[in-house]
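So the chains spell out like this:
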Amino acid sequence: MSKEQKNIQDLLSFIDRSPTPFHAVNEMKSHLTEQGYSELKESSAWELSNNSKYYLTRNDSSLIAFITGTKTQDASGFKIIGAHTDSPNLKLKPNPTYEKNGYLQLGVEVYGGVLLTTWTDRDLSLAGRVILKGKKQPISKLIRFDDPLLRIPQLAIHLNRDVNEKGLALNKQNHLPPIFSLTGKKSPTKDLLEKMIAQKLKCKPADIVNMELSLYDTQPGSTGGAEGEFIYSGRLDNLASCHAALQALTESKGKDPMTRVVAFYDHEEVGSDSAQGAGSSFLKEVLERLTLESENPRETFFRSLANSFFVSADMAHAVHPNYPEKHDANHMPILNGGPVIKCNSNQRYATEGISSAWFESLCKKAGVPVQKFVVRTDLGCGSTIGPITAANLGIRTVDVGNPMLSMHSIREMAGTKDHAPLIKAFKEYFTA
Ligand SMILES: [Zn+2]
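Residues numbered from 1 in each chain as written. Predicted model: local features only at pLDDT ≥ 70, side-chain atom pairs only at ≥ 80, totals over all residues. Heavy atoms only, no water.

Draft legend 1. Fine view of the layout of surface pockets. Considered as a void within the structure, the largest pocket measures approximately 790 Å³ in volume. Contributing to the lining of the largest pocket are 30 residues, with H317, A318, H327, S406 and M407 lying nearest its centre. (1 Å grid on protein atoms, 1.4 Å probe; cavity = no way out; pocket = protein on both sides within 12 Å on 5 of 7 lines; lining within 4 Å. Points joined across faces, edges and corners; volume = space filled by probe spheres on them.)

Quick look at the structure:
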């Protein structure tokens, strides 16, 4: 297996092991611990050394990791890459289970901009975290069922004759609840889910205080295409960017006067306004705490921000051969064509002239091709954490990401030859 293939396999297994942001953060924590990073707690006093490796989490769904610079206290600034840990999905409601027409079903909420029809007729299961009664205080446990427990069956075409002409319209309340089991005298009852969770976590059903469970697709990611040039997987948006940034950080070498930082946030898909989202104080507080040992901490902090740079990494829209009219003719990123710089004068992306030129020259230095994207003038534009963190921190920012198709589908598509170049560009950034 070539180094590139190994890297893609590593990406796919990271995504497969990360059905929810809680799992993704847990995976990244294990990797960072293996690489010699020490865990910090926001509630504890920090004693940091220069050129040392640390990480911390919020709500177990956002994570910041960094290597302190050799001159952090001299306002040398921060080199930051940000991405998001969450993906659109269907989440269980607090009291999910109900019986209907002989079936046992689970009520779901729609989280983010889900491409709903792609969740039908898939072999689905459940993952997330469960809050249990502890001896002194509640404890949180990760959970994941591996078997396909759930399915959202489509209506047969005989009962929905014009579905191919009109498209599949799904009512979110009525048509999305998956089928979990059958009801009947000998069949499962409404507390089946609690019983299954208790069995898995080796506790009593009465110990379960709360659960935050999401549906996920049990089919693992794979490569495909005539020459294995494509990746098919859920959550490429945006775990592929998290994977690339984390790898660049953990493989970055040399002593750098600047502090190298990665920030992975939950809740991007619902607007980032939460205690652990990109709109929160999380990163700002961490960065300020890094400069507290300097002679004039407040001044050093502000000067550090002015000397910093932020790369907002999120996936980009490749041109779709069946819908080329959805792209501007001069801005049609292709799969395996390299990372994309994303621009929008209405500030849906934070890129400006100087940050764009900077990233382009960085890629040139790393021998990585670059593509550019701007949405059609008559179409609305997606957004990222870029404008949010830029407004929050006042740091110069560029929005970049690898091209993909089927964004927000349960099974997305990207190119196998884009991942290594993105890591290469990020490593160039993190090189002293
Ligand atoms: Zn995204």
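From this point, things continue past the structure.
Draft legend 2. Local environment of the packing of helix α5 (residues 236-250) against helix α10 (residues 419-430). Where α5 contacts α10, the axes come no closer than 8 Å and their chain directions differ by 45°. The pairing of α5 with α10 is recorded here as oblique in orientation. Where α5 crosses over α10, the handedness of that crossing is right-handed. Of the residues in α10, those in contact with A240, H243, A244, A245, Q247, A248 and L249 of α5 are H419, L422, I423, F426, K427 and F430. A breakdown of the residues in the contact of α5 with α10 according to their chemical character gives nine nonpolar, three polar and one charged. (Axes fitted to C-alpha atoms, helices over the stretch in contact; angles between N-to-C directions. Helix = DSSP H or I, 4+ residues; strand = E, 2+ residues; numbered from the N terminus. Parallel < 35°, antiparallel > 145°, perpendicular 65-115°, else oblique. Left-handed = near helix turned anticlockwise from the far one by under 90°. Contact = heavy atoms within 4.5 Å. Nonpolar A, V, L, I, M, F, W, Y, C, P; charged D, E, K, R; others polar.)

Draft legend 3. Region of the structure containing the packing of helix α8 (residues 353-366) against α10. Axis separation between α8 and α10 bottoms out at 9 Å; the angle between their running directions is 105°. Accordingly, the angle class assigned to the pair α8 and α10 is roughly perpendicular. In this structure, α8 uses W358, F359, L362, C363, K365 and A366 to contact α10, whose residues at the interface are K424, A425, F426, E428 and Y429.

Draft legend 4. Main features of the sheet that holds strand β15 (residues 316-317). Here five strands make up an open sheet; going across it, the order is β11-β12-β20-β19-β15 and the pairing mixed. The sheet is open, and its two edges are formed by β11 (222-224) and β15, each paired on a single side. On top of the sheet, helix α1 (residues 3-16) reaches β11 and β12 (230-233); it is set at about 10° to β12, its chief contact. (Pairing = 2+ DSSP bridges.)

Draft legend 5. Representation of the coordination of the zinc ion. Each protein donor to the zinc ion is listed here as H84 (NE2), D237 (OD), D314 (OD) and D314 (OD); together their distances run 2.0 to 2.6 Å. What the four donor atoms of the zinc ion show is an angle range of 52 to 139° at the metal, which sorts the shape as irregular. Expressed as a motif, the donor residue spacing for the zinc ion is H-x152-D-x76-D. Of the two residues, D237 is situated in helix α5 and D314 in the loop between β14 (309-313) and β15; the sequence distance between them amounts to 77 residues. Among the residues examined, D237 registers a relative accessible area of 3% and is labelled buried. Judged by relative accessible area, which is 5%, D314 ranks as buried. (Donors = N, O, S within 2.8 Å, 3.2 Å for Na, K, Ca; no water. Tetrahedral: all angles 85-135°; square planar, octahedral: opposite > 155°, others 65-115°. Buried < 20%, exposed > 50% of the residue type's maximum accessible area, 1.4 Å probe, protein only.)

Draft legend 6. Main features of unusual backbone geometry. Of note, the amide linkage connecting D237 to N238 takes the cis form, showing an omega dihedral of 15°. Notably, D60 is not glycine yet its phi reads approximately 55°, a positive angle. As for its position among the elements, D60 is in the loop between β2 (53-58) and β3 (62-67). According to the relative accessible area criterion, D60 is partly exposed, its value standing at 35%. With a phi angle near 60°, A75 is a residue other than glycine that sits in the positive phi range. Relative to the helices and strands, A75 resides in the loop between β3 and β4 (78-84).

Draft legend 7. Region of interest: the pattern of salt bridges. Applying the stated rule across the entire model yields 21 salt bridges. For R298, the salt bridge is made with E288, and the minimal N-O distance between the two is 2.5 Å. Linking R298 in helix α7 (residues 297-306) with E288 in helix α6 (residues 282-290), this pair joins segments that are 10 residues apart in sequence. The residue E360 makes a salt bridge to K372 at a minimum N-O spacing of 3.1 Å. Taken as a pair, E360 in helix α8 and K372 in strand β17 (residues 371-373) lie far apart in primary sequence, 12 residues in all. (Salt bridge = Lys/Arg side-chain N within 4 Å of Asp/Glu carboxyl O.)

Draft legend 8. Seen up close, the domain arrangement of the protein. In terms of domains, the protein is made up of domain 1 (3-87 + 234-430) and domain 2 (89-217). Facing 23 residues of domain 1, the contacting portion of domain 2 comprises 21 residues. Both sides of the domain 1 and domain 2 interface together cover about 1,600 Å² of buried area, and 58% of this is carbon and sulfur. The interface formed by domain 1 and domain 2 contains one salt bridge. The partner of D60 in a salt bridge is R129, and the shortest N-O contact between them spans 3.9 Å. At the boundary of domain 1 with domain 2, the tally comes to eight residue pairs in polar contact (both at pLDDT 80 or more). With three residues, the top contributor of residues to the side of domain 1 that touches domain 2 is helix α2 (residues 21-34). Counted by class, the side of domain 1 that touches domain 2 contains five nonpolar, nine polar and nine charged residues. (Domains from an automatic or database assignment. Buried area = accessible area lost by both parts, 1.4 Å probe. Polar contact = N/O pair within 3.5 Å; in protein donor to acceptor, adjacent residues only side chain to side chain.)

Draft legend 9. Broad picture of the environment of S44. Take S44: it is sitting in the loop between β1 (38-39) and β2. The exposure class assigned to S44 is partly exposed, which follows from its relative accessible area of 35%. The sequence separation of S44 and P333 amounts to 289 residues, and the corresponding C-alpha distance is 46 Å.

Draft legend 10. Seen up close, the pairing of strand β13 (residues 259-265). Counting buried positions over the seven residues of β13 gives seven, a clear majority of the element. Side chains T259, V261, A263 and Y265 of β13 all project onto a buried face; the interleaved residues R260, V262 and F264 project onto the opposite face, where all are buried too. Here β3 runs beside β13; their pairing, made up of five bridges, is antiparallel. Among the inter-strand pairings, A65 is bridged to a residue of β13, identified as V262. Both β4 and β13 contribute to a ladder of seven bridges, which runs parallel. Residue pairing in the sheet places I80 in a bridge with V261 of β13.

Draft legend 11. Looking closely at the sheet that holds strand β16 (residues 340-342). The mixed open sheet is built from nine strands, whose spatial order is β1-β2-β3-β13-β4-β14-β18-β16-β17. The open sheet is flanked by β1 and β17, the only strands paired with a single partner. Packing of α8 onto the sheet brings it into contact with β14, β16, β17 and β18 (396-401), and relative to β18 it is tilted by some 55°.

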